[in-house]
Protein chains: 2
Amino acid sequence: MARSWVNSAERIGADLHLDLSESSGVSGASGPGGRRAALTRGLREAVRDGRLAPGTRLPPYRSLAADLGIARNTVADAYAELVAEGWLTARQGSGTRVAERAEPLRRAERVPRKAPPRARGPRHDLRQGTPDASAFPRAAWLASYRRALQQAPNEVFGPGDPAGRIELREALTEYLARARGVRTEPGRIVICSGFAHALRLLFSQEGGGVLRGPLAMEAYGLGFHRELLAAAGVRTVPLPLDEDGARVDRLARERAVLLTPAHQFPTGGPLHPERRAAVIDWARARGGVVLEDDYDGEFRYDRKPVGAVQGLDPERVIFIGSVSKSLSPAVRLGWMVLPERFVGDVLAAKGEREAWASVLDQLSLADFIVSGAYDRHVRRMRQRYRSRRDRLVSALAAHAPDIEVTGVAAGLHAVLRLPPGSERSVVKAATWQGIALEGLAEFRHPEAAEPGMPVRDGIVVGYATPSEHAYGAALEALCGVLPPGP
Amino acid sequence: MARSWVNSAERIGADLHLDLSESSGVSGASGPGGRRAALTRGLREAVRDGRLAPGTRLPPYRSLAADLGIARNTVADAYAELVAEGWLTARQGSGTRVAERAEPLRRAERVPRKAPPRARGPRHDLRQGTPDASAFPRAAWLASYRRALQQAPNEVFGPGDPAGRIELREALTEYLARARGVRTEPGRIVICSGFAHALRLLFSQEGGGVLRGPLAMEAYGLGFHRELLAAAGVRTVPLPLDEDGARVDRLARERAVLLTPAHQFPTGGPLHPERRAAVIDWARARGGVVLEDDYDGEFRYDRKPVGAVQGLDPERVIFIGSVSKSLSPAVRLGWMVLPERFVGDVLAAKGEREAWASVLDQLSLADFIVSGAYDRHVRRMRQRYRSRRDRLVSALAAHAPDIEVTGVAAGLHAVLRLPPGSERSVVKAATWQGIALEGLAEFRHPEAAEPGMPVRDGIVVGYATPSEHAYGAALEALCGVLPPGP
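Bear in mind the structure is a predicted one, so any value in this text is a computation, not a measurement.

Undergrad: Describe the environment of Pro329 of chain A, listing the residues and the values that go with them.
TA: Tracing the backbone through its elements, the reader meets Pro329 of chain A in the loop between β13 (317-322) and β14 (334-337). Take Pro329 of chain A: its relative accessible area is 12%, and that puts it in the buried class. In this structure, the C-alpha to C-alpha distance between Pro329 of chain A and Arg341 of chain A, residues 12 residues apart in sequence, is 30 Å. When residues no more than four places from it in sequence are discounted, the contact partners of Pro329 of chain A are Pro131 and Ser324 of chain A together with Phe157, Gly158 and Pro159 of chain B.

Below is the structure:
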């Protein structure tokens, strides 16, 4: 039953574990004794198992011998035997390596290799929610990362403050004030890994349950958020939408309301100024909390950008943002701007140490903002997305003049209104033509089909997702599947 | 009630929001009309609120005028007025900026600035759990990050596969086989942001509950893990420990067991080979699952490193590791090596897209491993920690020869056994002397005081935490608070 593992802590070559047991325990196999035989068997097993991959360089005799406390010749003999058997190769100047032809894993142990969960991409990707992946500012981000890493004090590499790095919270305080009209200070900001993480921190009962339901939400929104809340046991109540945004006058005994005031997701309008004031009045009168999802606040194309509702009353609004639309979802960073009374509970929900958001990325983002690179990137992307929006609107005007386009004053997507009853067939036709997009039905709250909440037909067109060169063809394909005029 | 926001999307200068309302809505203030007056008032408010920080450069007249659709002179007049009032400064060649003396936030709105949750550090930090933060391989990590960023295909910056980047899962498959004796393939690895995240993915009911309790745990372990499991509604049952590690023969109807087989945390011994086989036998006979917490598997100092239990039966063991001890907790990356039947459920618990682990850090770590930098770093740190361990043992032999030291064959900490009843007073004395360390009581399962589970007295000394130059003084201080011999 004795089992021993040997580690080659040699200077050259990789760390290596060998099973040098006389009998290999669980599997029940055994073999003749002797150090050389055990080493030979152990190495052979490691190659056969795939633990030693083809091409891997083995430690020099000397190092392995020292580690095992055996003679150098014993190692040399074992290597020679395996070279003779074809498991290893020895070449002048490149040491002893695992042979390229060695079978990587025993067949019986191989798991059937599944296709990755992501299916093959569609020909034209017009799904909402993703910025143009080809536009990531690699050079500027790398410059920020380098500066951040070089200037970081040593404590950065120890356990992290669950609030997030102070450098980032300071940069965000200034940036959000300037660009989004948010009034806060670094002590009220908590860094997280994105919007879903923020929702979990606020509502997860396992995290302590900072907020409780029922939670009012816009009748159209992300199904993923509703599911996450349902899993946390939070009841959600749909608020009807009209041309002025969510009907916040319908708010009653809910404890909180989740809104997308700058650009209703996905239907697209801003919340009317009177409703902005009204939701604050509701929160004050009822002790309610407003959750402001500022998912694409940076991207407005008209001359009257909409500041954060948070600025109206920082004690009633939790403002949540992230870099997922403005920079990339590959950088897993978001932020919550909190009323003072929630800061302690949110930090407690997050844990004693930073267990989520990469601390190095936090420092890099802080530099990226302070150096002005973030502003430059947002401005560049705003121009690019505006031009795509314009191309979408022109294409529709030319080829489908009866289709009403809404929500185009901002963001990375538009909604094309369709004649009642036609949504499903348009989405189907699009799928047939290799166009990925979603119908409004995808976003409808399951309880939103009641009287006073008219069902709308439409498709959501994400115009940021394709790369610049693929966009024209995607537009053309889209026009091809839209219903002809009346 | 009308509220408008103006955005200066000018080429030079920062993005800027100004409240140009005639009446400012919620706050009730109002003022005389006129565009120039409104602009002046809006800018003044922004500076007074702190939304425009001292030193911020304002947009050129031309840009702001174009954005607002007003005359350039109107902007010039407003700027001049505010310069006259002292809110702004204008200097040749550097444009118009917010004056340095402008008060950043109105007093009434300031939140009392709280001390950050992290208290001021102790004089000597001998707490377990953190690698030497001064030893982070900045240059090598940056080189990997640069290569990863430069070579990344564009799709990297779009939505991520929740399993994690394939490059990292491939690198880990090879590395864990070689260095830890883990047998797996990339399709069975799921990347996460650390051990706690892995536990949540497995046990959170809100995440779907991949595994259920009761869960057996070693009688001594991290309180944080017990609390996390309790919050998820998982009952935990302590397993007694003896000189051979956890008493896995006590396992009965539990559905899973969480072990630290390579180096029991915190008491320090490896799980005896017979028990390694026995726990696999239990899992096979009962359909149980073994969770293997390989928190410091890389750091063994004797010649017989302990491979992963996972290698004995990849279908019964979930192997969990992270870079928190081997590299830094600032890089929020960990991995789960799963039996095939759990892969789908864990991915479902994680969500449709990567919402947690930084995708760029994942690529960087893949490069760091494949390039050999990870091996080099681990080897360098192993030597450093081994020498610290040796210094600790020598210091104790010289100054407190009656203290038994355990768990020194591996890891970043040791346990100093103390005479029964003396733990609390030693920890207290240490605190008085500015030494941060923890007693074994901190780690004891609350139900572990039953018959057959003897309470042990001891302190856990983390010898990796201090920087190299601070270690000698910390050791000296430690020896000063230990009880004199009999």
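Undergrad: Kindly report on the packing of aromatic side chains, identifying the contributing residues and their values.
TA: Scanning the entire structure with this criterion turns up 20 aromatic pairs over all chains. Considering the side-chain rings of Phe265 of chain A and Tyr295 of chain A, the 5.3 Å spacing of their centres and the 85 degrees angle between planes classify their relative orientation as edge-to-face. Highlighted residues: Phe265 of chain A in the loop between β11 (256-259) and α8 (273-286) and Tyr295 of chain A in the loop between β12 (289-293) and β13, separated in sequence by 30 residues. By the burial criterion, Phe265 of chain A is buried, and Tyr295 of chain A matches it. One aromatic cluster in this structure is built from Phe136, Trp141, Tyr175, Phe368 and Tyr374 of chain A together with Phe157 of chain B. The ring of Tyr471 of chain A has Arg388 of chain A sitting right over it, with the charged end atom 5.2 Å from the ring centre.

Undergrad: If you had to explain the pairing of strand β8 (residues 236-239) of chain B to someone new, which residues and values would you point to?
TA: Residues and elements named next belong to chain B. Side-chain alternation along β8 places Thr236 and Pro238 on one buried face and Val237 and Leu239 on a second face that is also buried. Two elements, strand β7 (residues 215-218) and β8, share four bridges in a ladder whose sense is parallel. Looking at β8, one finds that Leu215 is bridged to Thr236. Read as a crossover between parallel neighbours, the route from β7 over helix α7 (residues 223-231) to β8 is right-handed.

Undergrad: Please provide a residue-by-residue account of a negative patch on the surface, values included.
TA: Taken together, Glu243, Asp244, Glu274 and Glu404 of chain A make up a surface patch of like negative charges. Within the element layout of this structure, Asp244 of chain A appears in the loop between β9 (241-242) and β10 (245-246).

Undergrad: Any details on the sheet that holds strand β16 (residues 413-417) of chain B? Residues and values, ideally.
TA: All names here are of chain B. The four strands are arranged β15-β16-β19-β18 in an open sheet whose pairing can be described as antiparallel. The open sheet is flanked by β15 (404-406) and β18 (438-439), the only strands paired with a single partner. Here three bridges tie β15 to β16, and the two strands are oriented antiparallel to one another. If you follow Glu404 over to β16, its bridge partner there is Arg417.

Undergrad: How would you summarise helix α10 (residues 359-370) of chain B if you had to cite specific residues and measurements?
TA: Residues and elements named next belong to chain B. For α10, with 12 residues, the first-to-last C-alpha span of 17 Å sits near the 16 Å given by 1.5 Å per residue. Buried within α10 we find Val359, Leu360, Asp361, Gln362, Leu363, Ser364, Leu365, Ala366, Asp367, Phe368 and Ile369. Just beyond α10, the residue with positive phi is Gly372, at close to 90 degrees.

Undergrad: Lay out the packing of helix α1 (residues 35-49) of chain A against helix α3 (residues 72-85) of chain A with the relevant residues and their values.
TA: Residues and elements named next belong to chain A. Where α1 contacts α3, the axes come no closer than 9 Å and their chain directions differ by 45 degrees. Judged by the inter-axis angle, α1 sits oblique to α3. Regarding α1 and α3, the two cross each other, and that crossing is right-handed. Taken together, the residues of α3 that come into contact with α1 (itself represented by Arg35, Arg36, Leu39, Thr40, Leu43 and Arg44) are Thr74, Val75, Asp77, Ala78, Tyr79, Glu81, Leu82 and Glu85. Each residue belonging to the contact of α1 with α3 can be placed in one class, and the counts come to six nonpolar, two polar and six charged.

Undergrad: Break down the packing of α10 of chain B against helix α11 (residues 373-399) of chain B for me, citing the residues and quoting the values.
TA: Helix packing geometry: the angle between the two helix axes and the distance between the axes. All names here are of chain B. Two elements in contact, α10 and α11, have axes whose closest approach is 4 Å; the angle formed by their N-to-C orientations is 75 degrees. It follows from the interaxial angle that α10 and α11 lie roughly perpendicular. Between α10 and α11, the contacting residues are Leu365, Phe368 and Ile369 on the first element and Ala373, Tyr374 and His377 on the second. Classifying every residue of the contact of α10 with α11 gives five nonpolar, one polar and no charged.

Undergrad: Tell me about the sheet that holds β13 of chain A, and name the residues and values.
TA: All names here are of chain A. Strand order in this open sheet of seven strands is β6-β14-β13-β12-β11-β7-β8, and the pairing throughout is mixed. Since the sheet does not close on itself, it has two edges, and those belong to β6 (189-192) and β8 (236-239), each with one partner. When the angles between neighbouring strand axes are averaged without regard to direction, this sheet yields 20 degrees. On the sheet, α8 packs against β11, β12 and β13 and is oriented at approximately 160 degrees with respect to β11.

Undergrad: Explain the confidence of the model for chain A residue by residue, including any values.
TA: Residue and element names in this part refer to chain A. Looking at chain A as a whole, its pLDDT mean stands at 86, while 87% of the residues score no less than 70. Low confidence marks residues 103-119, where pLDDT is under 50. Its contacts with residues over four positions away, or in another chain, come to 27 contacts. Across the assembled chains, the prediction reports ipTM 0.82 with pTM 0.82.

Undergrad: If you had to explain the nonpolar core to someone new, which residues and values would you point to?
TA: Counting residues in each nonpolar core, the largest one holds 142 residues, and the members touching the most others are Trp141 and Leu365 of chain A together with Trp141 and Leu365 of chain B. Leave out the neighbours within four places in its chain, and Trp141 of chain A touches Phe136, Leu327, Val331, Asp361, Ser364, Leu365 and Phe368 of chain A together with Tyr145, Leu149 and Leu360 of chain B.

Undergrad: Lay out unusual backbone geometry with the relevant residues and their values.
TA: Cis peptide bonds are those with omega within 30 degrees of zero, and the linkage from Gly213 of chain A to Pro214 of chain A qualifies with -5 degrees. Relative to the helices and strands, Pro214 of chain A resides in the loop between α6 (195-203) and β7 (215-218).

Undergrad: Tell me what's going on with the pattern of salt bridges, and back it up with residues and numbers.
TA: Residue and element names in this part refer to chain B. Counted according to the given criterion, the structure contains 42 salt bridges over all chains. Its salt-bridge partner being Arg180, residue Asp294 comes within 2.7 Å of it at the nearest N-O pair. Residue Asp294 is found in the loop between β12 (289-293) and β13 (317-322), and its partner Arg180 is found in helix α5 (residues 166-180); the two are separated by 114 residues along the sequence. Overall, Asp294 belongs to the buried group, its relative accessible area being 5%. Taking the shortest distance from any N to any O, the salt bridge between Lys350 and Glu354 comes out at 2.7 Å.

Undergrad: So what about the environment of Ala171 of chain B? Which residues, and what values?
TA: Residue and element names in this part refer to chain B. Topologically, Ala171 is positioned in helix α5. Accessibility expressed as a relative area gives 5% for Ala171, which makes it buried. Non-local contacts of Ala171, meaning those with residues more than four positions away in its chain, are made with Ala366, Ile369 and Val370.

Undergrad: Lay out the side chain of Thr236 of chain A with the relevant residues and their values.
TA: Residue and element names in this part refer to chain A. Along the polypeptide, Thr236 turns up in strand β8. Of note is the side chain of Thr236, whose polar atom sits 2.9 Å from the side chain of His445. Apart from the residues lying within four places of it in its own chain, the contact partners of Thr236 are Leu215, Met217, Leu229, His445 and Glu447.

Undergrad: Please provide a residue-by-residue account of the pairing of strand β14 (residues 334-337) of chain B, values included.
TA: Residue and element names in this part refer to chain B. Going residue by residue along β14, you find Gly334 and Met336 tucked away on one face and Trp335 and Val337 tucked away on the opposite face as well. Inspection of the sheet shows strand β6 (residues 189-192) paired to β14 by four bridges, in the antiparallel sense. By the bridge assignment, Ile189 is partnered in β14 with Val337. As paired elements, β13 and β14 share four bridges and run antiparallel to each other. Each bridged residue has a counterpart across the sheet, and for Ile320 the counterpart in β14 is Met336.

What counts, and where the lines are drawn
- Residues numbered from 1 in each chain as written.
- Chains lettered and ligands numbered in written order.
- Predicted model: local features only at pLDDT ≥ 70, side-chain atom pairs only at ≥ 80, totals over all residues.
- Heavy atoms only, no water.
- Helix = DSSP H or I, 4+ residues; strand = E, 2+ residues; numbered from the N terminus.
- Buried < 20%, exposed > 50% of the residue type's maximum accessible area, 1.4 Å probe, protein only.
- Contact = heavy atoms within 4.5 Å.
- Phe/Tyr/Trp six-rings, centres within 6.5 Å; stacked < 30°, edge-to-face > 60°.
- Lys NZ or Arg CZ within 6 Å of the ring centre and 35° of its normal.
- Pairing = 2+ DSSP bridges.
- Right-handed = clockwise from strand over helix to strand, strands pointing away.
- Patch = residues over 30% accessible without salt bridge, like charges linked within 9 Å, V, L, I, M, F, W, Y side chains within 5 Å.
- Areas by Shrake-Rupley, 256 points an atom, 1.4 Å probe, with all protein chains shown as cover.
- Salt bridge = Lys/Arg side-chain N within 4 Å of Asp/Glu carboxyl O.
- Lys, Arg positive; Asp, Glu negative; His and termini not counted.
- Charge placed at Lys NZ, Arg CZ, Asp CG, Glu CD.
- Expected span 1.5 Å × (residues − 1).
- Axes fitted to C-alpha atoms, helices over the stretch in contact; angles between N-to-C directions.
- Parallel < 35°, antiparallel > 145°, perpendicular 65-115°, else oblique.
- Left-handed = near helix turned anticlockwise from the far one by under 90°.
- Nonpolar A, V, L, I, M, F, W, Y, C, P; charged D, E, K, R; others polar.
- pLDDT = per-residue confidence, 0-100.
- Core = buried A, V, L, I, M, F, W, Y, C linked by side-chain atoms within 4.5 Å.
- Polar contact = N/O pair within 3.5 Å; in protein donor to acceptor, adjacent residues only side chain to side chain.

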